[in-house]
Amino acid sequence: MEKNLTTGSVFKNILFFSLPYLLSYFLQTLYGMADLFIIGQFEGVASTTAVSIGSQVMHMLTVMIVGLAMGSTVSIGQAVGGKDKKGAASSIGNTVTLFMCLSVVLTIVLLIFVRPIVNIMSTPEAAISGTVDYLTICFIGIPFITAYNIISSVFRGMGDSKSPMYFVAAACAANIALDYLFMGALHMGPSGAALGTTLSQAVSVVIALIVIRRHSGSLAVKKKDFRPVRPVMSKILKIGIPIATQDGLIQVAFIIITVIANRRGLTDAAAVGIVEKIISFLFLVPSSMLSTVSALGAQNIGAGKPERARLTLRYAAFMAICFGAIVVLLMQFAAGPVVSLFTDSTRADGAEVVRLGGQYMRGYVWDCIFAGIHFSFSGYFCACGKSGLSFLHNITAILLVRVPGVYLTSVWFPDTLFPMGLATSMGSLLSVIICIIAFTIITRRERKLSVL
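Conventions we followed
Residues numbered from 1 in each chain as written. Predicted model: local features only at pLDDT ≥ 70, side-chain atom pairs only at ≥ 80, totals over all residues. Heavy atoms only, no water. Helix = DSSP H or I, 4+ residues; strand = E, 2+ residues; numbered from the N terminus. Buried < 20%, exposed > 50% of the residue type's maximum accessible area, 1.4 Å probe, protein only. Contact = heavy atoms within 4.5 Å. Areas by Shrake-Rupley, 256 points an atom, 1.4 Å probe, with all protein chains shown as cover. Core = buried A, V, L, I, M, F, W, Y, C linked by side-chain atoms within 4.5 Å. Phe/Tyr/Trp six-rings, centres within 6.5 Å; stacked < 30°, edge-to-face > 60°. Axes fitted to C-alpha atoms, helices over the stretch in contact; angles between N-to-C directions. Parallel < 35°, antiparallel > 145°, perpendicular 65-115°, else oblique. Nonpolar A, V, L, I, M, F, W, Y, C, P; charged D, E, K, R; others polar. Expected span 1.5 Å × (residues − 1). pLDDT = per-residue confidence, 0-100. Salt bridge = Lys/Arg side-chain N within 4 Å of Asp/Glu carboxyl O. Bend = angle between axes of the 7 residues up to and from the residue. Left-handed = near helix turned anticlockwise from the far one by under 90°.

A look at the overall build of the protein chain
Here is step 1 of the chain: Looking only at helices and strands, one finds 17 helices and zero strands in the protein chain.
Here is step 2 of the chain: Every one of the 452 residues in the protein chain was classed for burial, and the buried ones make up 59%.
Here is step 3 of the chain: Contacts in the protein chain between residues at least 24 apart in sequence constitute 83% of all its contacts with a sequence separation of at least 6.
Here is step 4 of the chain: Entry remark: accessible area of the protein chain is about 18,100 Å², with carbon and sulfur atoms responsible for 71%.

Some details on the nonpolar core
Here is step 1 of the chain: Within the largest apolar cluster, 65 residues are counted, with the highest numbers of intra-cluster contacts made by Leu-282, Tyr-360, Met-361 and Val-365.
Here is step 2 of the chain: With 27 residues, the next largest nonpolar core counts Ala-34, Met-60, Val-118 and Met-183 among its residues.

Let's talk about the packing of aromatic side chains
Here is step 1 of the chain: Following the criterion strictly, the structure yields five aromatic pairs and no others.
Here is step 2 of the chain: Pairing Phe-377 with Phe-439 gives two aromatic rings, centres 5.6 Å apart and planes at 65 degrees, and the pair type is edge-to-face. With Phe-377 in helix H15 (residues 367–383) and Phe-439 in helix H17 (residues 418–451), the pair connects residues that are 62 residues apart, well separated along the chain. One exposure class covers both Phe-377 and Phe-439, and it is buried.

Points about the environment of Thr-443
Here is step 1 of the chain: With respect to the helices and strands, Thr-443 occurs in helix H17.
Here is step 2 of the chain: Between the C-alpha atom of Thr-443 and that of Glu-307, which follows or precedes it by 136 residues, the distance is 9.9 Å.

Focus on the packing of helix H12 (residues 284–302) against helix H13 (residues 306–340)
Here is step 1 of the chain: Where H12 meets H13, the axes come as close as 8 Å, and the angle between the chain directions of the two elements is 170 degrees. Considering the angle they form, H12 stands roughly antiparallel to H13. When H12 is examined against H13, the residues Val-285, Pro-286, Met-289, Val-293, Leu-296, Gly-297, Asn-300 and Ile-301 are found in contact with a partner set consisting of Pro-306, Arg-308, Ala-309, Thr-312, Leu-313, Ala-316, Met-319, Ala-320 and Phe-323.
Here is step 2 of the chain: Looking at the contact of H12 with H13 residue by residue, the class counts come to 13 nonpolar, three polar and one charged.

Details of H15
Here is step 1 of the chain: Taking 1.5 Å of rise per residue, 17 residues should cover 24 Å, and H15 covers 24 Å from first to last C-alpha, within 8% of that figure.
Here is step 2 of the chain: Burial analysis of H15 places 17 of its 17 residues in the buried class, the great majority of the element.
Here is step 3 of the chain: Two residues or fewer after H15 comes Gly-385, characterised by a positive phi angle close to 80 degrees.

A look at the confidence of the model for the protein chain
Interpreting fine coordinate detail is not advised for predicted regions of low pLDDT.
Here is step 1 of the chain: A residue-level look at the protein chain finds 86% of positions with pLDDT of 70 or above and a mean pLDDT of 77.
Here is step 2 of the chain: In the model of the protein chain, helix H9 (residues 216–219) stands out as the element of lowest mean pLDDT, 54, in contrast to helix H5 (residues 128–140), which has the highest, 85.

Quick word on the pattern of salt bridges
It is possible for side chains of opposite charge to pair when their charged atoms get near one another.
Here is step 1 of the chain: Under the counting rule described, the total for this entry stands at two salt bridges.
Here is step 2 of the chain: We note a salt bridge from Arg-310 to Glu-307, for which the minimum N-O separation is 2.7 Å. Taken as a pair, Arg-310 and Glu-307 lie in helix H13 at a separation of three residues, close to a single helical turn.
Here is step 3 of the chain: For Glu-307, a relative accessible area of 40% puts it in the partly exposed group.
Here is step 4 of the chain: For Glu-307, the salt bridge is made with Arg-314, and the minimal N-O distance between the two is 3.8 Å.
Here is step 5 of the chain: Through salt bridges that share partners, Glu-307, Arg-310 and Arg-314 make up one connected network.

A closer look at helix H16 (residues 387–412)
Here is step 1 of the chain: Here H16 spans 36 Å end to end across 26 residues, near enough to the 38 Å set by a 1.5 Å rise per residue.
Here is step 2 of the chain: Approximately 45 degrees is the largest bend angle found in H16, and it occurs at Ile-398.

Notes on the packing of H13 against H15
For any two helices packed against each other, one specifies the inter-axial angle together with the distance between the axes.
Here is step 1 of the chain: Relative to each other, H13 and H15 sit at 165 degrees, their axes nearing to 7 Å. If you check the angle between H13 and H15, you find them roughly antiparallel. Two packed elements cross with a definite hand, and for H13 against H15 that hand is right-handed. Judged by residue contacts, Ala-309, Arg-310, Leu-313, Ala-316, Ala-317, Ala-320, Ile-321, Gly-324, Ala-325, Val-327 and Val-328 of H13 engage Cys-368, Ile-369, Gly-372, Ile-373, Ser-376, Phe-377 and Tyr-380 from H15.
Here is step 2 of the chain: Looking at the contact of H13 with H15 residue by residue, the class counts come to 14 nonpolar, three polar and one charged.

Considering the environment of Leu-22
Here is step 1 of the chain: Along the chain, the position of Leu-22 falls in helix H1 (residues 10–42).
Here is step 2 of the chain: A residue is classified by how much of its surface remains accessible, and Leu-22, at 22% relative accessible area, is partly exposed.
Here is step 3 of the chain: A C-alpha to C-alpha distance of 9.4 Å links Leu-22 and Pro-286, two positions 264 residues apart in sequence.
Here is step 4 of the chain: Those residues in contact with Leu-22 that lie beyond four places of it in its chain are Leu-284, Val-285 and Ser-288.

Here's the deal with the environment of Ala-397
Here is step 1 of the chain: You can see Ala-397 is positioned in helix H16.
Here is step 2 of the chain: Among the residues examined, Ala-397 registers a relative accessible area of 1% and is labelled buried.
Here is step 3 of the chain: If we ignore the near neighbours within four places in the chain, the residues touching Ala-397 are Arg-402, Gly-427, Leu-430 and Ser-431.

Details of the side chain of Thr-198
Here is step 1 of the chain: You can see Thr-198 is positioned in helix H8 (residues 190–214).
Here is step 2 of the chain: Thr-198 has contacts with Ile-137, Cys-138 and Gly-141, leaving out every residue within four places of it along the chain.

Comments concerning the side chain of Thr-146
Here is step 1 of the chain: Relative to the elements of secondary structure, Thr-146 occurs in helix H6 (residues 142–157).
Here is step 2 of the chain: Residues in contact with Thr-146, not counting those within four places in the same chain, are Ile-65, Phe-99, Met-100 and Ser-103.

Here is the structure:
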C-alpha cells in the first residue's frame, strides 16, 4: 500500500499517481451525475431542481471534509517521505479519531437545521419538499461520506491512489443500480436519489475496511495511535482548516450563484444546477492535479527534495492547461447537446433549460483552464505547509470578482446566463495571478536562503 514517490521520473510519478485518482474522481462524479440523469428520465423539472440544489449542498460539505483531510494527506505524506513510520501511524490514528467525532456532530447539527438550509438556498416552491427529503436522508449518511474520504486521504498520503479508485468504483456501480431501483421502479423521486447515494457510500466504506483489515500489517497502526496527540492534531488542522475554509467559501460562492439563479425562475435554477454538475465532471483533471501535487510534493519535501516538488507543480499545471484548452474548445459547440442529456428537451420547459444551460456553460467552461492552474498551485502550497496561501487567493477571488461579478451580470443581463458563467471563471483568473506572484516570492526566498 505504501509507495515511495521521491525517486524516479517526476512525470511518470504524476501519471501513475494521478490516473487512478482521475478515474476514481470520474467515477465519484459519475454517480453524482447519475442522480440528475436518472431523475430527469422519470420525474419533472421540480424534482430535477430539488436534486440539483440538494446535491450542491452535499457537495459543499463533501469538499470541506476533503479539504480538512488534506491536512492528513500532507502529514502522512511528509512522514512517509521522511521514512518516519511512527509519525505516519500517529497521523493516521489521529485522523480517524478527529473525523469520526466531527461526522457525528455534523450529522446532528445539519438534521436540526435542514429546513433553514433549504430556505437559505431560495429553493423554488415546487422543489422545497423534494429538497428537504433529499437532504434529510443525505445528512443521515454523513458518517459514511466522512469515512470514505478520510480512508482515501490516508491511502493517498501513503502514495496509494489505486485503492480509493476501487472503493469508489464499487460505490458508483451500487449507486446507479439503486437509483434505477428507487427512482425508476419504485418512483421515490428525490428521496430515492438520496437513499441510493447514501447506501452506495456505505458499500464503499465496508469494502475499504475489508481491504484495510487484510493489509493491517503494512499500516502498522496501534490502539495508542488513536489517542489524540496535540502536535499531530495541530499539524493536521493547521494545514486542513485553511483548505476546508477555502473550499467551503468557494462552495458558498457557488450557492450564492445558485440562489441568484433560483430567484430568476425554475428553468434558470435547473440550468445552473445541471451545468454545475457537468462542470464538476470537467474538473476531473484540475482536481486530480491538486491532490497529486499535494501528495507527491509532501513526500518530496519530507525527503528534503524541494526541487522535485516544484517540478511536480510545473508538470501538473501544464497538463491541466492542455486539458482545459481542449474542453473549452469542445464546449463552445457541444454545450447545448450536453445539457440536453439531463432534461427532456421535447418539453417547452426542458428546451428552455437547454438554451439557458448552453449559455451558462459557454462562459463557465473557461474556468477549466484557470482552475487547473490555481489548483496545481494550491496543491504545492499545501505540500509546503503554506495552505493559508490557498485560502488567501480563493477568498480574494470570491470577494472581489466571483460573487459581485455574477450578481452584477445577473442584473445587467436578465435574458442570458452567459455573462454569469464568464464572471465565475474570471474569479479563477485572479486566483492564478495571485498564485504566480506568491510562488515567485517563495521561490526567490528559498534560493536566497540556500545560497546563504
